[in-house]
Amino acid sequence: SVNIEFEVENPSNIIFKFYDIIGNQVDLINYGFTHSGIFDIVWSPELPSGSYFILMSDGENIYKEKVTLIK
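Quick word on the sheet that holds strand E2 (residues 12-20)
At step 1: Here four strands make up an open sheet; going across it, the order is E3-E2-E5-E6 and the pairing antiparallel. Both outer strands of the open sheet, strand E3 (25-34) and strand E6 (62-69), are each paired with one neighbouring strand and no more. Strand after strand, the sheet turns through a mean of 20° between neighbouring axes, direction not considered.
At step 2: Pairing geometry for E2 and strand E5 (residues 50-57), over six bridges, is antiparallel. In the strand pairing of E5, Asp-20 is matched with Tyr-52.

Focus on the environment of Ile-38
At step 1: Structurally, Ile-38 can be placed in strand E4 (residues 37-43).
At step 2: Separated by 14 residues in sequence, Ile-38 and Asn-24 place their C-alpha atoms 29 Å apart.
At step 3: Among residues more than four places away in sequence, those in contact with Ile-38 are Glu-5, Phe-6 and Glu-7.

Brief notes about the nonpolar core
At step 1: Ranked by internal contacts, the top residues of the largest apolar core, which has 16 residues, are Ile-4, Phe-6, Phe-16 and Trp-43.
At step 2: If you list the elements that add at least two residues to this core, you get strand E1 (2-8), E2, E4, E5 and E6.
At step 3: Looking at this core, the element that brings in the most residues is E1, giving four residues.

Concerning the packing of aromatic side chains
At step 1: Taken as a whole and assessed by the stated rule, the structure comprises six aromatic pairs.
At step 2: Between the aromatic rings of Phe-18 and Trp-43, the centroid separation amounts to 4.2 Å while the plane-to-plane angle is 10°, which identifies the pairing as stacked. Within this pair, whereas Phe-18 is found in strand E2, its partner Trp-43 is found in strand E4, the two being separated by 25 residues in sequence. An identical accessibility class is assigned to Phe-18 and Trp-43; each is buried.
At step 3: Taken together, the ring pairs connect Phe-6, Phe-16, Tyr-31 and Phe-39 into an aromatic cluster.

Rules used throughout
- Residue indices begin from 1 for each chain and proceed along its sequence in written order.
- Restriction of local features to residues with pLDDT of at least 70 applies here, the model being predicted, together with a cutoff of 80 or more for giving and counting side-chain atom pairs; totals for whole chains, interfaces and linings are based on all residues.
- Side-chain metrics in this entry use all non-hydrogen atoms of the structure; hydrogen atoms and water are not considered.
- Only strands that DSSP links by at least two bridges are regarded as paired with each other.
- Helix and strand assignments come from DSSP, with helices taken as H or I runs of at least 4 residues and strands as E runs of at least 2, each series counted from the N terminus.
- Note on method: axes are straight lines fitted to C-alpha atoms, helices fitted across the in-contact stretch only, with angles between N-to-C directions ranging 0 to 180 degrees.
- A contact between two residues is defined here by any heavy atoms of the two lying within 4.5 Å.
- Grouping buried Ala, Val, Leu, Ile, Met, Phe, Trp, Tyr and Cys residues that are joined through side-chain atoms within 4.5 Å yields what is termed a nonpolar core.
- We call a residue buried when its accessible area falls under 20% of the maximum for its residue type, exposed when it is over 50%, and partly exposed in between, using a 1.4 Å probe and counting protein chains only.
- What counts as a ring pair is set by centres within 6.5 Å for rings of Phe, Tyr and Trp (its six-membered ring), and what kind of pair is set by the plane angle: stacked under 30 degrees, edge-to-face over 60, tilted for all other angles.

Treat this as a map of the structure, not an account of what it does.
Have a look at this one:
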């Protein structure tokens with residue numbers, strides 16, 4: 001599993017999209033509307049080991065991070 005810590009500056013709806021290395025969306029987590037602060041979620045996909053991209057959207061901005069999942 002992957003622990004994802006993120007900070008929200010303004011109240012917003014948070015959505016995480018997960019992509020494999022060739023760009024296919026493999027998962028989605030709608031975290032929902034939240035106030036400002038620091039939060040974390042755990043992503044435990046039933047996917048093979050490999051590199052994945054996590055895109056977090058707050059409705060205005062998109063943040064991208066590459067992670068390696070090792071099982």
